[in-house]
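# Examining the three-dimensional arrangement
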Amino acid sequence: MSTSKLQYIYKEITRNLNEILSIDKNIKGAIISNLSGMLIAYAIKDDYQAEISLISGLIEGLAATLSAIYGAASVAGEDIKLAKTQLILVEYENGNLIICDMGHENILAIIADKRGALGAIRIIAKKYGERIKPLLIELDKIIEDELSTNNARESVKKELSRM
């Protein structure tokens, strides 16, 4: 695996997530996970990270919860024949949550306080989702290549041990 390529991809993803935080002072965090709930990357304002760590624990757990929300909304949309989920907007008492489908089984969640304008944050989610998507496709390819290389190595080891 090309470690420098992998580092570049993660650096670019993180740079884009941090850029999201800097666009609007009301945005508290941006999290990318896959639909299985595995955290891929995140950027969260320091004060908010301390706040959610006390409440929900690790960011990894939050990523899993966000994926579950997306999954539930997707099933509901399919059940009522509305087709594929593209974006979820949730208004809470103390803030807003926007979850955007990024394709290739990845989602981008943006967390904002209640002053955050949902329309503007929706546009940010769509824009950055499209911007980050090619990086995730490249990341998936690197991982697939590594897995196939490891599987090939294991097959060769097994064959050699039979000799």
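Owing to the predicted nature of the structure, the values given are computational and were not obtained by experimental measurement.

The subject of this paragraph is the packing of aromatic side chains. This model, assessed by the stated rule, comprises zero aromatic pairs. Positioned above the aromatic ring of tyrosine 128 is the side chain of arginine 131, whose terminal nitrogen or guanidinium carbon lies 4.5 Å from the ring centre.

Okay, the nonpolar core next. Within the largest apolar cluster, 28 residues are counted, with the highest numbers of intra-cluster contacts made by Ile13, Leu17, Ile20, Ile32 and Leu108. For this core, the secondary structure elements donating two or more residues are α1 (3–23), β1 (27–34), β2 (39–44), β4 (95–103), β5 (106–113) and α4 (118–162). By residue number, the principal contributor to this core is α4, which donates 10 residues. In contact with isoleucine 20, other than residues within four places in its own chain, are Ile27, Ala30, Leu108, Ile110, Ile124 and Tyr128. The next biggest cluster of nonpolar side chains, apart from the first, holds 15 residues, and it includes Tyr70, Ile88, Ile107 and Ile111.

A full pass over the atoms with the stated rule returns seven salt bridges. Glutamate 138 serves as the salt-bridge partner of lysine 5, at 2.6 Å between the closest nitrogen and oxygen. In this pair, lysine 5 is assigned in helix α1 and glutamate 138 in helix α4, connecting sequence segments 133 residues apart. Note on glutamate 138: relative accessible area 27%, which makes it partly exposed. Aspartate 113 is the salt-bridge partner of arginine 115, the closest N and O atoms lying 2.7 Å from each other. According to the relative accessible area criterion, arginine 115 is exposed, its value standing at 63%. Owing to a relative accessible area of 10%, aspartate 113 belongs among the buried residues under this scheme. Each of the salt bridges in this network shares a partner with another, and the network as a whole consists of Glu12, Arg15, Glu19 and Arg131.

What counts and how
- Residues numbered from 1 in each chain as written.
- Predicted model: local features only at pLDDT ≥ 70, side-chain atom pairs only at ≥ 80, totals over all residues.
- Heavy atoms only, no water.
- Phe/Tyr/Trp six-rings, centres within 6.5 Å; stacked < 30°, edge-to-face > 60°.
- Lys NZ or Arg CZ within 6 Å of the ring centre and 35° of its normal.
- Core = buried A, V, L, I, M, F, W, Y, C linked by side-chain atoms within 4.5 Å.
- Buried < 20%, exposed > 50% of the residue type's maximum accessible area, 1.4 Å probe, protein only.
- Helix = DSSP H or I, 4+ residues; strand = E, 2+ residues; numbered from the N terminus.
- Contact = heavy atoms within 4.5 Å.
- Salt bridge = Lys/Arg side-chain N within 4 Å of Asp/Glu carboxyl O.

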